[in-house]
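Chain by chain, the residues:
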Amino acid sequence: MSFLISRNIRSGKSKGERKALKKQKGAGLLSYDGKLIGFLNKMGEIILLDMVFLVCCLPVVTIGPALTSLYYATMKSIRRERGYPLREFFSSMKRTLARGVLLTVVCLLWLLALFFGRDYFLAADGQQTAMSVLYSFLIFVSTCIILYLFPVFSRFDMKLTQILKLSFVMSIRFLPLTILDLAGTALIGWVLIYFLPIPCFFFVLGLWCLALTFPMEKAMRAYMPKADAGEEQWYDK
């Protein structure tokens, strides 16, 4: 799709250079770049991102840009080890805030209208009807689109209508992944609300966002423009 333009910059070091640098520093369990310390560092970064994300969601209308920035910082800094997580998060928030708030308001109003319509027909007839089933189907489709919406918004510099269109296409094209991601997100939300203590909110959401980057990147790579010869994007393998 020729209209897609990546908003992201070229990386500073190639993947081979980064791997060689890690080998030079050593990989002892308790060394600075050892596996244990590396794991603890990443967990600390995830917790920080999670806490900042939750704070940024408090105004409600900023949930969209907060989700966008959480995905962007998690993918770039946690998985690809480029830049600093909080710096990348706030850089994304600044870049996407205005359009992200608009996107959030549109999504919230649309979902509220769908839930109101479904409940209205259920209450009027006292049972499932064709209209209530239709509204339930639209809620499902809309949720699938929203699942891709903010990761796509974090990666591509496009009009909002194009972002919505691409999110819809991806949700259909990668339907098995869509259903799996949606079920996992619903399960995580249910477990967090009803079973896990409140402090778990400060790392579970970040861990789930990290897990979601794997299927999301598989879907988005199908629409990413190819890098120039000899160049490497930070989100490349």
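A short tour of the structure in this document, coming up.

The rules behind these values
Residues numbered from 1 in each chain as written. Predicted model: local features only at pLDDT ≥ 70, side-chain atom pairs only at ≥ 80, totals over all residues. Heavy atoms only, no water. Helix = DSSP H or I, 4+ residues; strand = E, 2+ residues; numbered from the N terminus. Buried < 20%, exposed > 50% of the residue type's maximum accessible area, 1.4 Å probe, protein only. Contact = heavy atoms within 4.5 Å. Areas by Shrake-Rupley, 256 points an atom, 1.4 Å probe, with all protein chains shown as cover. Axes fitted to C-alpha atoms, helices over the stretch in contact; angles between N-to-C directions. Parallel < 35°, antiparallel > 145°, perpendicular 65-115°, else oblique. Nonpolar A, V, L, I, M, F, W, Y, C, P; charged D, E, K, R; others polar. Salt bridge = Lys/Arg side-chain N within 4 Å of Asp/Glu carboxyl O. Expected span 1.5 Å × (residues − 1).

Looking now at the overall build of the protein chain. Each helix and strand in the protein chain was counted, giving eight helices and zero strands. Helices (α) and strands (β) of the protein chain occur, in sequence order from the N terminus, as α-α-α-α-α-α-α-α. Counting over 237 residues, the protein chain shows a buried share of 39%. Contacts in the protein chain between residues at least 24 apart in sequence constitute 72% of all its contacts with a sequence separation of at least 6. Roughly 13,500 Å² of accessible area belongs to the protein chain as shown, and the carbon and sulfur atoms make up 71% of that amount.

Direction vectors running N to C along helix α3 (residues 63–79) and helix α8 (residues 201–220) enclose 95°, while the axes themselves pass 10 Å from each other. It follows that α3 is roughly perpendicular to α8 by the angle criterion. The residues of α8 that touch α3, namely those facing Leu70, Tyr71, Thr74, Met75, Ile78 and Arg79, are Cys209, Leu210, Thr213, Phe214, Met216, Glu217 and Met220. When the residues that make up the contact of α3 with α8 are grouped by side-chain class, the tally is nine nonpolar, two polar and two charged.

Another point: unusual backbone geometry. The backbone of Val60 shows a phi angle near 70°, a positive value even though the residue is not glycine. Along the polypeptide, Val60 turns up in the loop between α2 (35–56) and α3. Look at Val60 and you get partly exposed, because its relative accessible area is 40%. For Glu81, which is not a glycine, the phi torsion comes out positive at approximately 55°. By the element assignment, Glu81 lies in the loop between α3 and α4 (85–125). A relative accessible area of 37% places Glu81 in the partly exposed class.

Our next topic: the pattern of salt bridges. Under the criterion given, the structure shown has four salt bridges. Note that Glu88 is salt-bridged to Lys76, the shortest N-O span being 3.4 Å. Of this pair, Glu88 sits in helix α4 while Lys76 sits in helix α3, and the two are twelve residues apart along the sequence. With a relative accessible area of 10%, Glu88 lands in the buried category. Ionic pairing is found between Glu217 and Arg155, a salt bridge with its closest N-O pair at 2.8 Å. Of this pair, Glu217 sits in helix α8 while Arg155 sits in helix α5 (residues 130–155), placing them 62 residues apart in sequence. Relative accessible area serves as the criterion here: at 2%, Arg155 is assigned to the buried category.

Here we come to α3. If you check α3, its first and last C-alpha atoms are 22 Å apart, about what 17 residues at 1.5 Å a residue would give, namely 24 Å. The buried count for α3 comes to 14 of 17 residues, which makes it a mostly enclosed element. Directly beyond the C-terminal end of α3, a positive phi value near 55° is found at Glu81.

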